[in-house]
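Next come the chains, spelled out residue by residue.
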Amino acid sequence: MKKMWNNFKAAFAMYSKIPMPVTDWDKENIKYMFCFFPFIGAVIGLITWLAGYAGLYCGYNGSFVAVVLTLIPVLVTGGIHVDGLLDTSDALSSWQSRERRLEILKDSNAGAFAVITAGIYFLTWYGAYSQMWRNGKALLIMAMGFMVSRCFSGISVVTFPKARKDGTVAEFSRKSEDITVRNVLVIYLAVLLALMVLVQPVLGILAFLGALAVFVWYHHMAMKFFGGITGDLAGFFLCTCEAGMCVILAIVSNFI
């Protein structure tokens, strides 16, 4: 039980800004860390659902609520995944060699394409939330979507080839129990799909299929342009997966 608690703490300490007790970063304390990664999404989803409910209950302006909902994931995670989104956007837009793209990923400076991507990313969230946040079922499915994206991301970390042998993702993968973590995350996905369908079948299935489509594309893109995944690419996937689900829900919920 203590080992599981340490793995839980490690996941939240690494991928969120939620205060956690100090834990040692040895192999035993991170081997199951990605089993708890989706629970950060559960926290984001719960806060998102409560914020949407509060917006309806208190009669807040829709634009104000949409901005709050857009910022919640960034505030909970500290923007760690958005950083990967922007670094990857710079690398992809460079149209350089594979080696040069990997160098750009490590560059701490933000290029023009990163700035453009940031604007598009946050406007996409704002627009999608503005359209669908009053639909309680769509918002609840999106709340679960934050767990779905992290399940897929965790699966990629323990199963996809790594672009670097010495990167953070490669290090975590070497120290994790890959088969156990993968199986646990697949079980999470099955449960989440069932719950999403239970909330609203059409919205649930389409949101999940959207996440799966982005996951397949992510693998293709990572292998073609980088020769594997990195932490930045995993963040890029997570951001595009969540934004994609939100857009799907915004479009379809108008007809449900």
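Use the structure listed above.
Residues numbered from 1 in each chain as written. Predicted model: local features only at pLDDT ≥ 70, side-chain atom pairs only at ≥ 80, totals over all residues. Heavy atoms only, no water.

*Asks:* Account for the overall build of the protein, with residues named and values stated.
*Replies:* Summing up its helical and strand segments, the protein has 12 helices and 0 strands in all. When the elements of the protein are put in sequence order from the N terminus, they spell out α-α-α-α-α-α-α-α-α-α-α-α. In terms of overall size, the protein behaves like a compact globule, its C-alpha atoms giving a radius of gyration of 18 Å where 256 residues would be expected to give roughly 18 Å. Judged by the C-alpha coordinates and their principal axes, the protein covers about 50 × 45 × 30 Å. Evaluated residue by residue, the protein yields a buried proportion of 51% over its 256 residues. For the protein, the proportion of contacts with a sequence separation of at least 24, taken over those separated by at least 6, is 75%. Total accessible area on the protein stands at roughly 11800 Å², and carbon and sulfur atoms take up 67% of it. Considering the protein, the positive charge centre built from 20 side chains and the negative charge centre built from 15 side chains are found 6 Å apart. (Helix = DSSP H or I, 4+ residues; strand = E, 2+ residues; numbered from the N terminus. Rg over C-alpha atoms; globule rule 2.2 N^0.38 Å. Buried < 20%, exposed > 50% of the residue type's maximum accessible area, 1.4 Å probe, protein only. Contact = heavy atoms within 4.5 Å. Areas by Shrake-Rupley, 256 points an atom, 1.4 Å probe, with all protein chains shown as cover. Lys, Arg positive; Asp, Glu negative; His and termini not counted. Charge placed at Lys NZ, Arg CZ, Asp CG, Glu CD.)

*Asks:* Which residues make up the nonpolar core, and what values go with them?
*Replies:* Counting residues in hydrophobic clusters, the biggest one holds 77 residues, and the most contacted among them are Tyr129, Met132, Met142, Tyr218 and Phe226. Contact partners of Met142, with chain neighbours within four places excluded, come to Trp125, Tyr129, Met132, Glu242, Met245, Cys246 and Leu249. (Core = buried A, V, L, I, M, F, W, Y, C linked by side-chain atoms within 4.5 Å.)

*Asks:* Before we move on, can you summarise the packing of helix H3 (residues 33–58) against helix H10 (residues 178–199) with the specific residues and values?
*Replies:* At their nearest, the axes of H3 and H10 sit 8 Å apart, and the two run at 25° to each other. Regarding the angle of H3 to H10, the classification is roughly parallel. For the pair formed by H3 and H10, the contact residues are Phe34, Cys35, Pro38 and Phe39 on the first element and Val181, Val184, Leu185 and Tyr188 on the second. Of the residues in the contact of H3 with H10, the class split is 8 nonpolar, no polar and no charged. (Axes fitted to C-alpha atoms, helices over the stretch in contact; angles between N-to-C directions. Parallel < 35°, antiparallel > 145°, perpendicular 65-115°, else oblique. Nonpolar A, V, L, I, M, F, W, Y, C, P; charged D, E, K, R; others polar.)

*Asks:* So what about the environment of Gln200? Which residues, and what values?
*Replies:* For Gln200, the position within the fold is in the loop between H10 and helix H11 (201–225). Considering only alpha carbons, one finds Gln200 and Lys137, 63 residues apart in sequence, at a separation of 6.6 Å. Ignoring any residue separated from it by four or fewer positions in sequence, one finds Gln200 in contact with Lys137, Ile141 and Ile256. A polar contact of 2.9 Å, which involves the side chain of Gln200, links it to the backbone nitrogen of Leu203. (Polar contact = N/O pair within 3.5 Å; in protein donor to acceptor, adjacent residues only side chain to side chain.)

*Asks:* I'd like a rundown of the packing of aromatic side chains, residues and numbers included.
*Replies:* Working definition: an aromatic ring pair is given by the centre-to-centre distance plus the angle between the planes. Applying the stated criterion across every chain yields a total of 23 aromatic pairs. Taken together, a centroid distance of 5.8 Å and an interplanar angle of 90° make the contact between Phe39 and Tyr188 edge-to-face. In this pair, Phe39 sits in helix H3 while Tyr188 sits in helix H10, placing the two residues 149 residues apart along the sequence. Among the aromatic residues, those joined into a cluster by ring pairs are Trp5, Phe8, Phe12, Phe36, Phe39 and Tyr188. (Phe/Tyr/Trp six-rings, centres within 6.5 Å; stacked < 30°, edge-to-face > 60°.)

*Asks:* Got a sec to walk through H10? Specific residues and values, please.
*Replies:* Count 3.6 residues to each turn of an α-helix, and residues three or four apart come out pointing the same way. Over its 22 residues, H10 extends 31 Å from the first C-alpha to the last, a length consistent with the 32 Å expected when each residue adds 1.5 Å. If you check which residues of H10 are buried, you get Val181, Leu185, Leu189, Leu192, Met196 and Val199. Along H10, the residues classed as buried sweep out an arc of 90° about the axis, all on the same side. Exposed and facing more than 90 degrees away from the buried side of H10 are Ile179, Ile187 and Leu198. On its buried face, H10 is in contact with H3, helix H8 (136–159) and H11. (Expected span 1.5 Å × (residues − 1). Arc of directions from axis to C-beta.)

*Asks:* Can you lay out H3 for me, pointing to particular residues and giving the numbers?
*Replies:* Its 26 residues place the ends of H3 38 Å apart at the C-alpha level, agreeing with the 38 Å of an ideal helix rising 1.5 Å per residue. Directly after H3, the chain includes Gly59, whose backbone phi takes a positive value near 70°.

*Asks:* Please set out the pattern of salt bridges residue by residue, giving values where relevant.
*Replies:* Under the counting rule described, the total for this entry stands at 1 salt bridge. Notably, a salt bridge pairs Arg150 with Glu242, separated by 2.6 Å at the nearest N-O pair. With a gap of 92 residues between them, Arg150 in helix H8 and Glu242 in helix H12 (residues 231–253) connect regions that are remote in the sequence. Across the pair, exposure class does not vary: Arg150 and Glu242 are buried alike. (Salt bridge = Lys/Arg side-chain N within 4 Å of Asp/Glu carboxyl O.)

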